[in-house]
Amino acid sequence: MITERLENNQTAHAADILKSGGLVALPTETVYGLFADALNEDAVRQVFAVKNRSLDHSLNLNISSIEDIYKYSQNQPSYLDRIVEKFMPGPLTIILEANDKVPSYINEGKKTVGFRMPANPFTLNVIKKVGVLVGPSANITGQSSPTKAKQVLRDFDKKINAVKEDDSGISGVDSTIVDFSGEKPIILRQGAVMLESIEELL
């Protein structure tokens, strides 16, 4: 397999690769992610395989709109719209109660699922064209998350279908993960979005 280098005008082509079950590495505002169609089990399993990632590790859903969040979750908090409007797209991952539309191979049958809306325009446009994607960091499990395309290619050249090389705007700071599935929000990982900003909004 030859790993194709994508140009700025090739969002539709990237989407076509993903729709056909391929794997594409794309930049976000935090790190590079390894993306696949979340509703294609074979493609998702391939992500686990090339990353050498254990199948019992849940994946987030990368989405492009709040409608997708409502489509794949239930019992959402009353303030969800305000959270999304303020912080998404951006470096925030929100955990909500999953509904029966979430495939079990995404969250391993857990009651919750994470949602992420990357702020990189190219990547967000690709998600809009495909639907929901998985997109864990584009690295071999256990290694540091990549902020440079050369790191992605070191691990995955000729193992994935395509990569969009764009190191600009990648901070290397992880997204903040907040669990909104219970009575009170719980910070699971402090990242780029500060706890104080979330508390102030709520």
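Here the structure is a predicted model, which is why all the values come from computation and not from measurement.

The rules behind the values
Residues numbered from 1 in each chain as written. Predicted model: local features only at pLDDT ≥ 70, side-chain atom pairs only at ≥ 80, totals over all residues. Heavy atoms only, no water. Buried < 20%, exposed > 50% of the residue type's maximum accessible area, 1.4 Å probe, protein only. Helix = DSSP H or I, 4+ residues; strand = E, 2+ residues; numbered from the N terminus. Contact = heavy atoms within 4.5 Å. Polar contact = N/O pair within 3.5 Å; in protein donor to acceptor, adjacent residues only side chain to side chain. Pairing = 2+ DSSP bridges. Phe/Tyr/Trp six-rings, centres within 6.5 Å; stacked < 30°, edge-to-face > 60°. Salt bridge = Lys/Arg side-chain N within 4 Å of Asp/Glu carboxyl O.

(A) Representation of helix α2 (residues 41–51) in the model. Looking only at α2, the buried set comprises Ala-43, Val-44, Val-47, Phe-48, Val-50 and Lys-51. Check the buried side of α2 and you find it contacts β3 (32–37), α5 (104–107), β8 (133–134) and α7 (149–156). The opening residue of α2 is Asn-40, an N-cap whose side-chain oxygen sits 3.2 Å from the backbone nitrogen of Asp-42. Backbone geometry just downstream of α2 places Asn-52 in the positive-phi region, at approximately 60°.

(B) Region of interest: the pairing of strand β2 (residues 24–27). Where burial is concerned, the two faces of β2 agree: the one with Val-24 and Leu-26 and the one with Ala-25 and Pro-27 are both buried. Two elements, β2 and β3, share four bridges in a ladder whose sense is antiparallel. Residue pairing across strands places Val-24 opposite Phe-35, the latter belonging to β3.

(C) Expanded view of the packing of aromatic side chains. Enumeration over the complete set of coordinates arrives at one aromatic pair. Between Tyr-79 and Phe-180, the ring centres sit 5.8 Å apart and the planes meet at 65°, which makes this aromatic pair edge-to-face. Here Tyr-79 is found in the loop between β5 (73–74) and α4 (80–87), whereas its partner Phe-180 is found in the loop between β10 (176–179) and β11 (186–189), with 101 residues between them in sequence.

(D) The pattern of salt bridges, seen in detail. The full count for this structure, using the stated rule, is six salt bridges. Between Arg-5 and Asp-157 there is a salt bridge, and its shortest N-O distance comes to 3.4 Å. Placement of Arg-5 in strand β1 (residues 4–5) and of Asp-157 in the loop between α7 and β9 (162–163) is noted, with a sequence separation of 152 residues between them. A residue is classified by how much of its surface remains accessible, and Asp-157, at 31% relative accessible area, is partly exposed. We note a salt bridge from Glu-41 to Arg-45, for which the minimum N-O separation is 3.5 Å.

(E) Geometry of the pairing of β11. Pairing of β10 with β11, which is carried by three bridges, proceeds in the antiparallel orientation. Residue pairing across strands places Val-178 opposite Ile-187, the latter belonging to β11. The turn linking β10 back onto β11 is made up of six residues.

(F) Looking closely at the side chain of Thr-30. Mapping Thr-30 onto the fold places it in the loop between β2 and β3. Take Thr-30: its relative accessible area is 5%, and that puts it in the buried class. Those residues in contact with Thr-30 that lie beyond four places of it in its chain are Pro-91, Arg-116, Thr-147, Ile-170, Ser-171, Gly-172, Val-173, Asp-174 and Ser-175.

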